[in-house]
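Architecture at a glance
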Amino acid sequence: MIIEKDVIRELIRTRMVMLAVNSKVRQRAFKIPLHLGLGHEAIAVAVTAIKEQQDCLVLSHRNMHYNVANQPDPQKIVQEYLLETSGAGQGQYGSMNLIQPEEGLVYTSSILGNNLCVAAGIAKGNAVLEAGSDTAKSATFVVTGDGAMEEGAFYEALLMAKTAKVPMIVIVENNGWSMYTQIHERRFPIDLEKLGSSLSVPVLQLKGDDVINYTEQLQALRAKAIEEQSPVIVEVLIHTLGDYWTEESPGNPSRIINYHHGLAPKIEQTDDPEVAGSPQDPVSVALQRIDRSEFEQDIQEIRASLQPILADSNH
Amino acid sequence: MSVGYAKAINTLLHEQLLTDEPFVLFGQNVSAGSCLSGLTRGLKTARGLEMFNTPNCENAMVGFGFGLMMRGINSAFVVKQHDFLLLTLDHMVNTYNMIKLGTAKASFTIVCIVVDSGYEGPQSRLNNLADFCSLADIDTYSISSQQEAEAIVPLLKEPGFRIIALSQRLFRQDMRELSGATELPDKLFRYAQTESNDLSIVSFNFALPQALALQAQAGEQGISAEVFSVTNALPKNFSDIISAAKQSKRVVILDDSRSVNKSSDRLHLALLKALPDCHVLCYQKQPSIEAIVPNLDLFTVDHTAILHKLFA
């Protein structure tokens, strides 16, 4: 059963951990490349909330929000980024390939489209294991983006999953960016609904950054994928927080910049979970459901738990 | 009674897969049409085996196989042409790297037919196993004899990832069952009637027929010759071959692959370093524009000239 307050608390925690990581990036604490998911928390927390123990989650290079949402101890995440053996991946995976198999995060790829093909195989493997038994059926979630879905592997993996009849839930995090180009700068629009329909793959679009709404819809979609033994696509419209406009100069018009990886330079706060304070911030959206005052103690506790990370000047 | 190459391997596949243990075998036309010239015919009757024909999505299929592996399910992807595996290099390298960090529990095998039968023209003729597999140090084995097939096909059930390569040229021939066969470490095979010999012939890739023909002609001239068949595309050490060469003092290396980075070159260098007085001849396929146009594409060696150079 989904408890709204618990889910929103997790949303706040996920946000605050990433803000702490951002501050460490500002201090140049890490050698490895990092991809923050500020603004992406709603879908990560929703998936984590409805994921059953037998489900698998397959990630892409921008996975921090999922790894944080699935790891109650933020120190383990930061230690992994510092490549310490005490890290969540024993220092072997860094950020772009971080997995936590004991939490169901079984594979992560930093190559666009790669993880979709593997996820189809993982879903099939689970189906083979479950065949003829009374164990609860699983679903495999795989996260991709509006850039990665341009890869041929996206289509191939959908076709393969449909052919193999496996419940694979493809989450397309659509923030409009692929590195430094927006969709209109790099390609013709893709009608996911039509692409999905060409393979009889249901497509659902989520927008509005409401983590509770996402949780409810994903739960229903998971059940559908399992019942129909089919892949399904969820396109989530996301605004990555922290982009900014450059100053206009002679010959150089002002341009919006998406920082893609590393530091979110315009986000300087470390201990307040709300960033944009607008409908584009899933934390602000959530705090319209339940007033922030209900979470002040949680925020204090999370803040306290992050102090060792923020105070560590050795890293 | 002689058996065709494809039939012999089909029989071994059937034996391996006749088990209640789950195994997934997939690929284009594995249970349709000619079933890859008989290679996968009848397999779907084996217990525990799930077999299905796939769409033409080689990249997805190799990722799929690795995904099955991660969930502890043994599987094999059977593919007609080595060329199509070029589409899968991301998974061969990047996904396999994740497997190497310890996320795999089962076996994943790619059974790949190398189209070396000639007349294909500029495409559909890739025969570069050593180059290909060196990208991620993939265990890769070529099969040219019954003994090799009996040792290599069971790898299908061994945990880990590998490629088993078959020769389309050999599909048109009976499977060679050779006397005097010995299996050595690293799936190296020795075929000889005597312990010590006047000549050591080493075949790489699918050059075993040429090596056996040279052995036979040597025998007609009273020259005893042993043949080593290097089935591993990336052999790790050549100590058995070097020991034999110490005795024979004459080595002929035959390699019919088109790899630029050839394992036969590594053997050649190793012999030059270890046995500077050993007479070594090396015959390999040479790249050329003429080789790319449709042609017989047969690896030919002049046995008479070789034996004359070594024994005249």
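1. What to know about the packing of helix α1 (residues 4–26) of chain A against helix α2 (residues 41–50) of chain A
Residue and element names in this part refer to chain A. Relative orientation of the contacting elements α1 and α2 amounts to 130°, with a least axis distance of 10 Å. As far as their axial angle goes, α2 and α1 are oblique. Once α1 is placed against α2, the crossing between them reads as right-handed. Across the interface between the two elements, Val-7, Glu-10, Leu-11, Thr-14, Arg-15 and Met-18 from α1 touch Glu-41, Ala-42, Val-45 and Ala-49 from α2.

2. A few points about the environment of Val-115 of chain B
All names here are of chain B. Inspection of the secondary structure assignment puts Val-115 in the loop between β4 (107–114) and α4 (129–134). Taking the C-alpha atoms as reference points, Val-115 and Pro-55, separated by 60 residues in sequence, lie 20 Å from one another. With residues up to four places along the chain from it excluded, the contact list for Val-115 reads Lys-80, Gln-81, Glu-120, Ser-124, Arg-125, Leu-126 and Gln-168.

3. Brief notes about the sheet that holds strand β8 (residues 232–237) of chain A
Residues and elements named next belong to chain A. Pairing in this open sheet of 6 strands is parallel, and the strands run β2-β1-β3-β4-β8-β7 from one edge to the other. One side of each edge strand has no neighbouring strand; the edge strands of this open sheet are β2 (105–108) and β7 (203–206). Shown here is a sheet whose adjacent strand axes are inclined to one another by a mean of 20°, direction ignored. Examined bridge by bridge, strand β1 (residues 56–59) and strand β3 (residues 140–145) share 3 bridges and lie parallel to one another. The partner of Cys-56 across the bridge, within β3, is Thr-140. Against the sheet, helix α6 (residues 152–164) engages β3, β4 (168–174) and β8, with an angle of about 155° to β4.

4. Notes on the interface of chain B and chain A
Every contact between the two is made by 27 residues of chain B and, on the other side, 27 residues of chain A. Taken over both partners, the interface formed by chain B and chain A buries close to 2200 Å², and the fraction arising from carbon and sulfur atoms is 73%. Taken as a group, Phe-64, Arg-71 and Met-98 of chain B account for 29% of the area that chain B buries against chain A, more than any other trio of residues on that side. Here chain B and chain A share 1 salt bridge between them. Run the count over chain B and chain A and you get 8 residue pairs in polar contact (both at pLDDT 80 or more). Only β1 (23–27), β2 (49–53), α2 (58–70) and α3 (89–103) of chain B provide two or more residues apiece to the side of chain B that touches chain A. The biggest single contributor to the side of chain B that touches chain A is α2 of chain B, with 9 residues.

What counts and how
Residues numbered from 1 in each chain as written. Chains lettered and ligands numbered in written order. Predicted model: local features only at pLDDT ≥ 70, side-chain atom pairs only at ≥ 80, totals over all residues. Heavy atoms only, no water. Axes fitted to C-alpha atoms, helices over the stretch in contact; angles between N-to-C directions. Helix = DSSP H or I, 4+ residues; strand = E, 2+ residues; numbered from the N terminus. Parallel < 35°, antiparallel > 145°, perpendicular 65-115°, else oblique. Left-handed = near helix turned anticlockwise from the far one by under 90°. Contact = heavy atoms within 4.5 Å. Pairing = 2+ DSSP bridges. Buried area = accessible area lost by both parts, 1.4 Å probe. Salt bridge = Lys/Arg side-chain N within 4 Å of Asp/Glu carboxyl O. Polar contact = N/O pair within 3.5 Å; in protein donor to acceptor, adjacent residues only side chain to side chain.

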